[in-house]
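Survey of secondary and tertiary structure
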Protein chains: 2
Amino acid sequence: MDFRSELKRRAALFENELGRFCSSQDAAIPARLRESMDYSLQAGGKRLRPVLCMAGAELFGAACESVLPMALAFEMVHTASLIHDDLPCMDNDTLRRGKPTNHVVYGETLALLAGDSLFLYAFETALSGLLKNGADPKRALEAVKLFAEALGPSGICGGQVLDTDRASQESRQSFVNDIASMKTMVLIRAALCTGAILAGASGKKLECLMEYGRCVGIAFQVADDILDVVGTQAEMGKTLGKDAEQDKRTFVSAYGLDGARAVLHELTQKAEDQLAVFGEKADFLRELALFLENRTR
Amino acid sequence: MDFRSELKRRAALFENELGRFCSSQDAAIPARLRESMDYSLQAGGKRLRPVLCMAGAELFGAACESVLPMALAFEMVHTASLIHDDLPCMDNDTLRRGKPTNHVVYGETLALLAGDSLFLYAFETALSGLLKNGADPKRALEAVKLFAEALGPSGICGGQVLDTDRASQESRQSFVNDIASMKTMVLIRAALCTGAILAGASGKKLECLMEYGRCVGIAFQVADDILDVVGTQAEMGKTLGKDAEQDKRTFVSAYGLDGARAVLHELTQKAEDQLAVFGEKADFLRELALFLENRTR
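Residue positions are given per chain, counted from 1 along the sequence in the order it is written. Lettering for chains starts from A, numbering for ligands starts from 1, and both go in the order in which the items are written. Two thresholds apply to this predicted model, a pLDDT of at least 70 for residue-level local features and 80 or more for giving and counting side-chain atom pairs, whereas whole-chain, interface and lining totals are computed over all residues.

This paragraph deals with helix α3 (residues 48–59) of chain A. Helical geometry note: an α-helix holds 3.6 residues per turn, so side chains three or four residues apart project in the same direction. Residue and element names in this part refer to chain A. Its 12 residues give α3 an end-to-end C-alpha distance of 16 Å, which sits within 8% of 16 Å, the value for a rise of 1.5 Å per residue. Burial is judged by counting other C-beta atoms within 10 Å of a residue's own C-beta: 20 or more means buried, 12 or fewer means exposed, and anything between counts as partly exposed, with every C-beta placed from the backbone. What counts as a helix is a DSSP run of H or I of at least four residues, what counts as a strand is a run of E of at least two, and both are numbered from the N terminus. Among the 12 residues that make up α3, 12 are buried, leaving the element largely enclosed by the rest of the structure. Of the residues making up α3, those classed as buried are Leu48, Arg49, Pro50, Val51, Leu52, Cys53, Met54, Ala55, Gly56, Ala57, Glu58 and Leu59. Once α3 ends, the next one or two residues include Gly61, with phi positive near 85 degrees. Any helix carries an expected span of 1.5 Å times its number of residues minus one.

Here it is in structure tokens:
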């Protein structure tokens, strides 16, 4: 297996679907709203969650194509959370993926509603697409439930609240782990595992995949915190150094730079350990964990 | 059938479920977030959408109790949309249901996230509750899909965008009808019809119910616009006269006060006409349409 070409293949399949989706007409959606949603959806990004969703399905023998509606839904909610994160009443950020943020272009009102719309359209897209694809209803319900759990008050929304909580009495290390779990990990893990559930995953194998997703999901945030310190703005496409400036608690501030690198390496190893049960069928996920450990953007 | 006592019975059943829900512990949800969500959920309101959801189920022979998770989900998303509507970048309102709005009490950041959380927790609640209640998976998928469609960019979020569009070239009358459809009607109609779908509704009977829901849903907004002019702040529990002050396009400004009253009456009659197919089983919905026509708050 050539990892880079496999990664490209999945990402290209998704970009194609996203392009088709954004160019499809829906007269019921106000044009300005659609434009603002599409602006952020098409602003690029790693498409990690869709790729994971497809990889989860393939690991259990299903075609990537069968989970594309679910993959789209993950990119939509991820984009929605970024639009709301960037709002003036949140991080007040003006640059994202090398472009002006949504509210800078469309104003605060429309950005708020574009975020809301993407959160909710994600469910509509996933449900109608899965019904159209003839997905097993029981599996579809379980998958969309896992999706929803990753988003709400015990998922990314709750993580955002913790992240703005300056008064926490927790130790710095357990605090950054809690935030990374809720804000980043749950969605990454859910992307992988909903794909797998739709393809029929259950029991011990699903548990191993959940644990792989947990390790890779936290590792992703550790790498992000490291790159906020050592990365270049050109590569990252967003304002860097803001964590330190805003005195945010990050893995680097909690463990030191070398300590954070050690945590990242340990999580990556632990993720790989979970894949033994799948044999060489999991080679893509093995390489993906390494790829995410060593990314520069 | 004594309408008032039937209405009270359903509302009490729902309040009881909501109280149970709000007092249930979930250690995974940050305490400040939970408090802010509960504050708005428990601020009262007519609980119209939950009552409709239960009425839809009963019309097709199911117990109200079987759709309580779905009823909760409707109240959650309705509450979420109100929290976001009241934000400074939207209507900038400080009073709702006789109490300070969410952002006045908890600040803008937490209010934004409480709204997001309620939108998303609604799906989690509906899906996990329906799975636990042993709902038919196919029906549950269809119901949650209808729910999602009512919320996204062609539903209430899209309606909000239209409502803030000062540059519309549409005639005033078709404009207020479009906004009322997307912003208010779709959610009211979906509440009624998801309850019915979960209880097995389909075909011609479901179509009649959809049309009843459409008429009652628009009528609800017409009555709201009328009450914004002739109601009292004490009864309505919110700042009145803001529509005229903000030069919002309402049914009163589009049709005049008497014209709006005529539209309201006509829609109510049309709603009742749809119920013939159900015989006396639909008496509750018959009386409900009249009750909503004549409400003073």
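Here, residue contact means that the backbone-derived C-beta atoms of the two residues sit within 7 Å. Contacts between the two partners involve 44 residues from chain A and, on the opposite side, 44 residues from chain B. Only α2 (31–41), α6 (108–132), α7 (137–151) and α8 (156–163) of chain A provide two or more residues apiece to the side of chain A that touches chain B. By residue number, the principal contributor to the side of chain A that touches chain B is α6(A), which donates 15 residues. For this classification, Asp, Glu, Lys and Arg are treated as charged, while Ala, Val, Leu, Ile, Met, Phe, Trp, Tyr, Cys and Pro are nonpolar and the rest, including Gly, are polar. Looking at the side of chain A that touches chain B, its residues break down into 26 nonpolar, nine polar and nine charged.

Before going further, it helps to examine the confidence of the model for chain A. Residue and element names in this part refer to chain A. The pLDDT value tells you how sure the predictor is about a given residue, anywhere from 0 up to 100. Scored by pLDDT, chain A has a mean of 93; 94% of the residues are at 70 or more. When pLDDT is averaged over each element of chain A, helix α5 (residues 102–106) comes out on top at 98 and helix α11 (residues 233–236) at the bottom at 64. We note a pTM of 0.94 for the whole complex and an ipTM of 0.94 for its interfaces.

By size, the foremost hydrophobic cluster in this structure holds 198 residues, and its most contacted members are A:Ala219 and B:Ala219. Other than its neighbours up to four places away in sequence, B:Ala219 contacts B:Leu264, B:Leu267, B:Thr268, B:Ala271, B:Leu292 and B:Glu293. A set of buried residues drawn from Ala, Val, Leu, Ile, Met, Phe, Trp, Tyr and Cys, joined through C-beta atoms within 7 Å, is what defines a nonpolar core.

Turning to the relation of the copies chain A and chain B, a few remarks are in order. Each copy of the chain is related to the other by a rotation around an axis and a translation along that axis. The fit set for superposing copies consists of C-alpha atoms from residues with pLDDT of at least 70 in both; the fit itself is least squares. Once turned by 180 degrees and shifted 0.0 Å along the axis, chain A lies on chain B with an RMSD of 0.0 Å. The superposition of one copy onto the other is thereby described by a two-fold rotation axis. Taking C-alpha positions as the reference, the residue of chain A nearest the rotation axis is A:Pro137, at 2.7 Å. Mapped onto chain B, 100% of the interface residues of chain A again fall at the interface, so both copies present the same surface.

Axes here mean lines fitted to C-alpha atoms, for a helix over just the part in contact, with angles spanning 0 to 180 degrees between N-to-C directions. Following both chains from N to C, one finds α8(A) and helix α6 (residues 108–132) of chain B inclined at 165 degrees, their axes separated by 9 Å at the closest point. On the basis of their axis angle, the class for α8(A) and α6(B) is roughly antiparallel. The two elements α8(A) and α6(B) cross, and the hand of that crossing is left-handed. Residues A:Cys157, A:Gln160 and A:Val161 of α8(A) lie in contact with α6(B), whose contacting residues are B:Leu110, B:Leu113, B:Asp116, B:Ser117 and B:Leu120. Each residue belonging to the contact of α8(A) with α6(B) can be placed in one class, and the counts come to five nonpolar, two polar and one charged. Roughly parallel means an angle under 35 degrees; roughly antiparallel, over 145; roughly perpendicular, 65 to 115; everything else is oblique. Left-handed is the label given to a crossing in which the near helix is rotated counterclockwise from the far helix by less than a right angle, and right-handed is the label when the rotation is clockwise.

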